[in-house]
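The chain contents come next:
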Amino acid sequence: MTSAAVCLACLAFPIGFVAGTSVGALIGAAYCSGVSPAELEAIAARVRFRDLARWTLSRYGFATNLRMISFLNKTLKVKTFEELHTPLAITATDFASGEGVVFTSGPLADPVRASCAYPGVFLPVTVNGRLLVDGMLAHSLPTKPVRDMGADRVIAVSLRSNWSNGDGPKHIFDVIGQCFSIAQNMNCAQARECADLVIEPDVTGFRYDDFERSADLVALGETATRAALPEIRKWLEPTEQKYTSAKGAGSLMSPALNPVTPE
């Protein structure tokens, strides 16, 4: 979502709504709170695992993302959904029922933490009395939540990455991550159908913990988004033509562009 949103914003495309799952929830919250594209890239370049989480010993996981609270307090320019500059939906999954949970109001920090609570690795997060884990289990590609918010056009950003290379897994995290990656890729067909356009940056060769390569990832996302611009511009042509006709008739009406929505 990051590169797509940043690229579209820099090119002055209107973004009406944003939805994010897992790390997309964190990035989406920052973007919608008013963090600029340049600031987002700077944050991505310096952030490391230790800024967001720490290892622990628990029956429920190997790490806790409590440190994310401090990170979010320093990074976000607002504290609640209601204060955001752009409407945002954050997804999580109810551990007990498997039901998808979509947050659009209230404090931001705990929903972001819950959406990033990768099961088996991070401890689940309790929000409003519900034990929640990563949103990717219920909304691996959160197109429906953003449709429900009122988006006319939806751009989804799908990352199909592998946690393990051809040499096999190196540790238990590779095993857990690869299993969920397979399930995610198999289960997101319906969500893809809910999108008008799916942008898929080629992240082959990148690992889940490649924090040091953030600049390369941003560049890949920007390249993939720019490749999709001709299709996106087609959506705007009818409105632009209508504006041109109205302007020729002496109208002072300004163009009203349909919002496009990065996931």
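Given the structure is predicted, the values throughout are model-derived calculations rather than measurements.

### Notes on the pattern of salt bridges
(1) Moving on: Across all of its chains, the model carries 13 salt bridges by this definition.
(2) Moving on: The partner of Glu-99 in a salt bridge is Arg-130, with the nearest N and O atoms 3.0 Å apart. Of the two residues, Glu-99 sits in the loop between β4 (88–94) and β5 (100–103) while Arg-130 sits in strand β7 (residues 130–134), which places them 31 residues apart along the sequence.
(3) Moving on: For Arg-130, a relative accessible area of 29% puts it in the partly exposed group.
(4) Moving on: A salt bridge links Asp-196 to Arg-147; the shortest N-O distance between them is 2.7 Å. Placement of the pair is Asp-196 in the loop between α9 (189–193) and β9 (197–199) and Arg-147 in helix α7 (residues 143–148), with a sequence separation of 49 residues.
(5) Moving on: The class of Asp-196 is partly exposed, set by a relative accessible area of 32%.
(6) Moving on: Through salt bridges with shared partners, a single ionic network connects Asp-94, Glu-99 and Arg-130.

### What about the pairing of β5?
(1) Moving on: Every second residue of β5 is oriented toward a common face, the buried set being Val-101 and Phe-103 and the non-buried set Gly-100 and Val-102.
(2) Moving on: Direction of pairing for β4 relative to β5: antiparallel, over a ladder of four bridges. Across the sheet, the residue bridging to Ala-92 is Val-101, located in β5.
(3) Moving on: As consecutive antiparallel partners, β4 and β5 are separated by five residues, and within that stretch Gly-98 has a phi angle of approximately 80°, a positive value.

### Notes on the packing of aromatic side chains
(1) Moving on: Scanning the model with the defined rule gives two aromatic pairs in all.
(2) Moving on: Considering the side-chain rings of Phe-49 and Trp-55, the 4.9 Å spacing of their centres and the 25° angle between planes classify their relative orientation as stacked.
(3) Moving on: Residue Phe-49 is classed as partly exposed on the basis of its relative accessible area, which comes to 25%.
(4) Moving on: Grouping aromatic residues by their ring pairs yields a cluster made of Phe-49, Trp-55 and Phe-122.
(5) Moving on: When the ring centre of Phe-206 is taken as reference, the NZ or CZ atom of Arg-213 above it lies at 3.9 Å.

### A word on the environment of Ala-44
(1) Moving on: By the secondary structure assignment, Ala-44 is in helix α3 (residues 37–46).
(2) Moving on: Setting aside residues up to four positions removed in sequence, Ala-44 forms contacts with Phe-211 and Ser-214.

### Concerning the nonpolar core
(1) Moving on: Counting 56 residues, the largest nonpolar core has Leu-88 and Ile-232 as the members making the most contacts within it.
(2) Moving on: The leading source of residues in this core is helix α2 (residues 23–33), at seven residues.
(3) Moving on: Aside from chain neighbours lying at most four places away, what touches Leu-88 is Val-18, Ala-19, Gly-20, Gly-28, Ala-29, Cys-32, Phe-81, Phe-103, Thr-104, Leu-108 and Met-149.
(4) Moving on: Counting 10 residues, the second-largest nonpolar core is a separate cluster that includes Ala-151, Val-154, Ala-156 and Ala-195.

About the criteria used
Residues numbered from 1 in each chain as written. Predicted model: local features only at pLDDT ≥ 70, side-chain atom pairs only at ≥ 80, totals over all residues. Heavy atoms only, no water. Salt bridge = Lys/Arg side-chain N within 4 Å of Asp/Glu carboxyl O. Helix = DSSP H or I, 4+ residues; strand = E, 2+ residues; numbered from the N terminus. Buried < 20%, exposed > 50% of the residue type's maximum accessible area, 1.4 Å probe, protein only. Pairing = 2+ DSSP bridges. Phe/Tyr/Trp six-rings, centres within 6.5 Å; stacked < 30°, edge-to-face > 60°. Lys NZ or Arg CZ within 6 Å of the ring centre and 35° of its normal. Contact = heavy atoms within 4.5 Å. Core = buried A, V, L, I, M, F, W, Y, C linked by side-chain atoms within 4.5 Å.

Taken by themselves, the reported measurements are silent on function.
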